[in-house]
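Observations on the model geometry
Residue strings, one per chain:
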Amino acid sequence: MELSSASAIEPVDVAVAGLRDWLLTDARLSADISRAIAGLADRLNAEGVPVDRLTFAAEALHSEHAAVSGTWIKDDPGVWKLQAYGKEVTAGYAHSPQRVVHESGRPLAFWIDETPDDRFGIVADLRQAGYRHYVCFPIFFANGHNNAVTFATRSTDGFPPRAFALLEGLIPSLTATLEILSGYKSLDEVLRIYVGDEPHRAILAGRIGRGQVSRIRSAILFADMRGYTRITSAIDPEQAVQLLNRYFDCLVPPIEAEGGEVMKYMGDGLMAIFRDRGDDTGAAAQSALTAATEALARIGQIDGTPFGATIRAGIALHHGEAAYGNVGSGARLDFTVVGRDVNLTSRLAQLNKVLDEPLLMSRAFSEHLWANPHPLGAFRLDGFEDAIEVYRP
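The structure presented is a predicted model; accordingly, all values stated were derived computationally and were not measured.

1. What about the overall build of the chain?
A count of helical and extended segments in the chain gives 13 helices and 14 strands. Taken across its 393 residues, the chain has 47% of its residues classed as buried. Pairs at least 24 residues apart make up 62% of the contacts formed inside the chain by residues separated by at least 6 positions.

Here it is, written out as structure tokens:
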């Protein structure tokens, strides 16, 4: 049964007005979609709308997930989950009420006991959970994303006309609130993915003026792939991207597991920092060393590649001061990390190939370790007058 917004239903203006005000004020300011959904469900029940299950599903701006969906169930904690890209999500959508309302632009309602299991993929699960009546509303955002909100009840009377009218009356305000909260969530996720945790927080806090710089003491890690130019000269660009992703999948998880932050990807290399934890500078250095060792072990476990090349890497570790901030020109800026210690780590990484060592450390780094590394001698690095003492684990 499709519902028409023009149906002659007794007005429920007072209830709708109160819920609209709450959606556009308290719910919006909560900055939390799950809290807004749960709060709406509680308030609908207080108004006599027998909601036992409420879901919101939205397309997601995320590198690994196609959509985010949230489910509120009465007397049960809400469950929020990310749906990964793939055929399963596409097939599920094709067999869903959401697809129907997106194509029609109108809400859809049906009695679950009267609906065949093969009509929608969710029918059997809803029936087994004891739900009797279901309604799905399309939610369209200005950016072109098609989303939806659904309501289900275990009441034998389903959603009576007054309940339908109240729900329909709320959809414009609910759409506005969800679009605002989803927009902030997407902005937060996209910035975190592309610039990292701390820079993304700085950007959202408004520290985006050109030349604004913050300094931090940290262990600094530089990593690059050996023979990248030679390997990629024999493969196409799509294969090169596949190669890099496989390589970074070995590097990034150990860095993040040890509390490090990837600040920059640079072709076949990356730079990460491990912040000092108060006066305990040894913890940051040890975390960086642990991450580097684990990353190299993972790379060593790769049994070649689809292109017949063996992946090897060189990692350099240093401890010092990193300054990060906005550099660039005009309206095109980049959040980057600069400074003498950053340059030294980069130059130290160039010694990996010369010395045929996968992991090198400066003396400044080794002084913070809990164990004594093996000295390799003092070497001159481009741009530095004094020779730098170099160590390996």
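2. A few points about the pattern of salt bridges
This model, assessed by the stated rule, comprises 14 salt bridges. Measuring nitrogen to oxygen at the nearest pair gives 3.9 Å for the salt bridge that ties R127 to D113. Here R127, found in helix 5 (residues 123–128), pairs with D113, found in the loop between strand 4 (108–111) and helix 5; they are 14 residues apart in sequence, far enough to count as distant. With relative accessibility at 46%, the residue D113 sits in the partly exposed group. The partner of R298 in a salt bridge is E294, and the shortest N-O contact between them spans 3.0 Å. You can see R298 and its partner E294 sitting in helix 10 (residues 281–300), four residues apart, about one turn around the helix. Assessed through its relative accessible area of 31%, R298 is described here as partly exposed. Judged by relative accessible area, which is 35%, E294 ranks as partly exposed.

3. Quick notes on helix 10
Because each turn of an α-helix spans 3.6 residues, side chains separated by three or four positions in sequence point in the same direction. Here helix 10 spans 29 Å end to end across 20 residues, near enough to the 28 Å set by a 1.5 Å rise per residue. If you check which residues of helix 10 are buried, you get G282, A283, A284, A285, S287, A288, L289, A291, A292, A295, L296 and I299. In this fold, the buried residues of helix 10 make contact with strand 7 (213–225), helix 9 (237–257), strand 9 (269–275), strand 10 (313–329), strand 12 (359–362) and helix 13 (363–366).

4. A look at helix 11 (residues 340–349)
Of the residues making up helix 11, those classed as buried are D341, V342, L344, T345, L348 and A349. Axial view of helix 11: buried residues confined to an arc of 160 degrees, hence all on one face.

5. Points about the environment of D157
By secondary structure assignment, the location of D157 is in the loop between strand 6 (146–153) and helix 6 (161–195). Through-space distance from the C-alpha of D157 to that of P50 is 9.3 Å; in sequence the pair is 107 residues apart.

6. Here we look at the nonpolar core
Core analysis: the biggest nonpolar cluster contains 39 residues, and L221, Y247, L251, I315, L317 and F365 have the highest contact counts within it. Residue assignment for this core shows that the elements contributing at least two residues are strand 7, helix 8 (228–232), helix 9, strand 9, helix 10, strand 10 and strand 12. Aside from chain neighbours lying at most four places away, what touches F365 is A219, A285, A288, L289, L317, H318 and H319.

7. Looking at unusual backbone geometry
Unlike most non-glycine residues, A31 shows phi in positive territory, near 55 degrees. Judged by its relative accessible area of 66%, A31 falls in the exposed class. You will see that D356, though not glycine, has its phi angle at about 55 degrees, which is positive. Tracing the chain through its elements places D356 in the loop between helix 12 (351–355) and strand 12.

8. Focus on a nonpolar patch on the surface
Taken together, the side chains of I180, Y184, L187 and L204 make up a nonpolar region of the molecular surface, amounting to roughly 390 Å² of accessible area. Take L187: it is sitting in helix 6.

9. Describing the environment of R298
Put simply, R298 and L251 are 47 residues apart on the chain and 7.9 Å apart in space, counted from C-alpha to C-alpha. Once residues lying within four places of it in the same chain are set aside, the contact partners of R298 are D249, C250, P253 and P254.

10. Comments concerning the packing of aromatic side chains
Aromatic ring pairs are defined here through the distance separating the ring centres and the angle between the ring planes. Applying the stated criterion across every chain yields a total of six aromatic pairs. With centroids separated by 5.3 Å and ring planes inclined at 25 degrees, the aromatic side chains of F110 and F120 adopt a geometry described as stacked. Here F110 is found in strand 4, whereas its partner F120 is found in the loop between strand 4 and helix 5, with ten residues between them in sequence. When sorted by exposure, F110 lands in the same class as F120, which is buried. Each residue in the set F110, F120 and Y134 is aromatic and connected to the rest through ring pairs, giving one cluster. Here R154 stacks its cationic end above the ring of Y131, 4.3 Å away from the centre of that ring.

11. A few points about the packing of helix 6 against helix 7 (residues 197–204)
The packing of two helices is summarised by the inter-axis angle and the distance between the axes. The geometry of helix 6 relative to helix 7 is characterised by a closest axis approach of 7 Å and an angle of 135 degrees between their N-to-C directions. On the basis of the axis angle, helix 6 is oblique to helix 7. The way helix 6 lies across helix 7 gives a crossing that is right-handed. Counting all contacts with helix 6, which are made through L187, D188, L191, R192 and V195, the residues of helix 7 involved are D197, P199, H200, I203 and L204. Its residues placed into classes, the contact of helix 6 with helix 7 shows six nonpolar, one polar and three charged.

12. A closer look at the packing of helix 2 (residues 33–46) against helix 6
Interaxial distance between helix 2 and helix 6 falls to 11 Å at its minimum, and their mutual angle equals 165 degrees. Taken together, the axis directions place helix 2 and helix 6 in an arrangement best described as roughly antiparallel. For the pair helix 2 and helix 6, the sense of crossing is right-handed. Where helix 2 approaches helix 6, its residues I33, A36, I37, L40 and L44 are matched on the opposing element by L166, L167, L170, L174, L178, L181 and S182. Of the residues contributing to the contact of helix 2 with helix 6, the split by class is eleven nonpolar, one polar and no charged.

Analysis parameters
Residues numbered from 1 in each chain as written. Predicted model: local features only at pLDDT ≥ 70, side-chain atom pairs only at ≥ 80, totals over all residues. Heavy atoms only, no water. Helix = DSSP H or I, 4+ residues; strand = E, 2+ residues; numbered from the N terminus. Buried < 20%, exposed > 50% of the residue type's maximum accessible area, 1.4 Å probe, protein only. Contact = heavy atoms within 4.5 Å. Salt bridge = Lys/Arg side-chain N within 4 Å of Asp/Glu carboxyl O. Expected span 1.5 Å × (residues − 1). Arc of directions from axis to C-beta. Core = buried A, V, L, I, M, F, W, Y, C linked by side-chain atoms within 4.5 Å. Patch = residues over 30% accessible without salt bridge, like charges linked within 9 Å, V, L, I, M, F, W, Y side chains within 5 Å. Areas by Shrake-Rupley, 256 points an atom, 1.4 Å probe, with all protein chains shown as cover. Phe/Tyr/Trp six-rings, centres within 6.5 Å; stacked < 30°, edge-to-face > 60°. Lys NZ or Arg CZ within 6 Å of the ring centre and 35° of its normal. Axes fitted to C-alpha atoms, helices over the stretch in contact; angles between N-to-C directions. Parallel < 35°, antiparallel > 145°, perpendicular 65-115°, else oblique. Left-handed = near helix turned anticlockwise from the far one by under 90°. Nonpolar A, V, L, I, M, F, W, Y, C, P; charged D, E, K, R; others polar.

Remember, this is a structural readout, not a statement about activity or role.
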